[in-house]
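Working through the structure, step by step
One letter stands for each residue in the lines below.
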Amino acid sequence: MTEVIQLKKVKKNFKGVPSVDLERLTVRKGEIYGFLGPNGAGKTTTMKMILSLIEPTSGSIEVMNTPINKSKDYLNYIGSMIEEPSYYPNLTGFENLLVFQKMLGFKKKNILKTLEMVGLSEEKNSKKLVKAYSLGMKQRLALSFALVKEPQILLLDEPTNGLDPSGIHEIRELIIHLAKEEGLTIFISSHILSEIEQIADRVGIINHGRLVYEGEIEKIKANSWVELEGEFDIEKLKALFGDSFGNRKIEYSSKLIKIWNINKERIANIISSLVELDFPIFRVERRKENLEEIFLELTKEL
Ligand SMILES: Nc1ncnc2c1ncn2[C@@H]1O[C@H](COP(=O)(O)OP(=O)(O)OP(=O)(O)O)[C@@H](O)[C@H]1O
Ligand SMILES: [Mg+2]
C-alpha cells in the first residue's frame, strides 16, 4: 500500500459557490507532502474534508484504501493540527494532555514521550502553565495533541504560522524527524514556499480550489540557467551566438546574457570567447527557478 490519502473528483460548494474542485490528489506512504496555495485557495477546506469535519459536496476520499464515509475508524490513525486546540490556561502542558488522555483513552505513557519529542519536557518547561507559554511553545503543544495518540498520518495546517525564524526552524526539524525517523506520513499546508521547499518530498499546488501541479519538488526546480553580467556589444554577440545557440534557450542584451541548461565546459568556452572580445564581465552565476517563481507562474491570473 503506497497511497495513504487519495481524493478523487472532490468538490465542495458553500451555498452553491465552488470552493474546492480537486480532480485527484494523492499522498503516499512515508512522504512529506507540501500542500501549497495562496489565501483562500482551499487548503483548510480540503484538510477538513479529509478529517470528516466537513462533508464534500461530491467525490470520494480514501484513507489507507478505505472510503472515509464507510467508517470513522481511520481517525484513530490521523493526528491533526487544523485550528488551535482550546487549552486549559491554568494547567501545564502535561496536565492538558492528561485531560485529553482521559477523554480519548490513549496510553498515558505516551504523554511524556510526546512532550519530549516536541521539546516541552525539560525542567524549565514542565512546570510552566500554558498561559505563560510563548507562541512557539503553544504551537509545539498543539503538535503534541496531534502526536500523542501515536498516529501514522499527520495533517498540519500551516503549523508555523506566526512563529519567528527559530520557532519555524524547530518545527521544521521536528517534521523531518517524524517523517524520516518515525515513519509518519505528513500532509502539511503552507503559503511559505521556501519552507515547504526545504522539507517536502512532493508538493501539490492549489489555486482557486484546483490542483495546478502535483509532483516531485525536484522536477519543477530542474530548470537552471547561467547569467553573465557585463558590458557587451550586441552585434558581436549576435556573431558569436548566431540566431539560435544550438537548441538552447538564450537571451542577451548589452548588460546581461542568460543561457538555459548549459554545462560547465560550455560556459568556460563562452567566457573565454567573451574575454577574447575584450568584454568586461562582472558576474557569472548559475541560477535555478525557485518554488516562489514557479508558484507565481502557476497561479498567476490569466
Ligand atoms: N464555512 C464556509 N462558508 C463559506 N465559505 C467558506 C467556508 N469555509 C471556506 N470558505 C471559502 O472557501 C474558500 C477556501 O477557503 P479555505 O479556508 O479552505 O482556504 P485556505 O487555502 O485554507 O486559505 P488560508 O491560506 O487563508 O488559510 C475561500 O473562498 C473561503 O472563503
Ligand atoms: Mg487555511
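Residues numbered from 1 in each chain as written. Chains lettered and ligands numbered in written order. Predicted model: local features only at pLDDT ≥ 70, side-chain atom pairs only at ≥ 80, totals over all residues. Heavy atoms only, no water.

This part takes up the domain arrangement of the chain. We note that the domain assignment places domain 1 (3-220) and domain 2 (223-295) within the chain. Each partner contributes to the interface: domain 1 provides eight residues, whereas domain 2 provides five residues. Note on domain 1 versus domain 2: buried area summed over both sides is about 730 Å², and carbon and sulfur give 76% of it. Considering only the side of domain 1, the residues that lose the most area to domain 2 are Leu193, Glu197 and Ile220, jointly responsible for 64% of the buried surface there. Counting across the domain 1 and domain 2 interface gives zero salt bridges. (Domains from an automatic or database assignment. Contact = heavy atoms within 4.5 Å. Buried area = accessible area lost by both parts, 1.4 Å probe. Salt bridge = Lys/Arg side-chain N within 4 Å of Asp/Glu carboxyl O.)

Think of two packed helices as two axes; the pair is described by the angle between the axes and how far apart they sit. Between helix α5 (residues 135-147) and helix α6 (residues 165-180), the least distance of the axes is 11 Å, while the angle of their chain directions is 15°. When the axes of α5 and α6 are compared, the pair comes out roughly parallel. Here α5 runs over α6; the crossing is right-handed. Every residue of α6 that contacts α5 at Gln139, Arg140, Leu143 and Leu147 is listed here: Glu170, Ile171, Leu174 and Leu178. Considering only residue class, the contact of α5 with α6 consists of five nonpolar, one polar and two charged. (Axes fitted to C-alpha atoms, helices over the stretch in contact; angles between N-to-C directions. Helix = DSSP H or I, 4+ residues; strand = E, 2+ residues; numbered from the N terminus. Parallel < 35°, antiparallel > 145°, perpendicular 65-115°, else oblique. Left-handed = near helix turned anticlockwise from the far one by under 90°. Nonpolar A, V, L, I, M, F, W, Y, C, P; charged D, E, K, R; others polar.)

Time to look at the pairing of strand β1 (residues 3-14). One ladder, built from ten bridges, connects β1 with strand β2 (residues 17-28); its direction is antiparallel. The partner of Lys12 across the bridge, within β2, is Val20. Here β1 folds back onto β2, and the loop between the two strands holds two residues, one of which, Lys15, carries a positive phi near 50°. (Pairing = 2+ DSSP bridges.)

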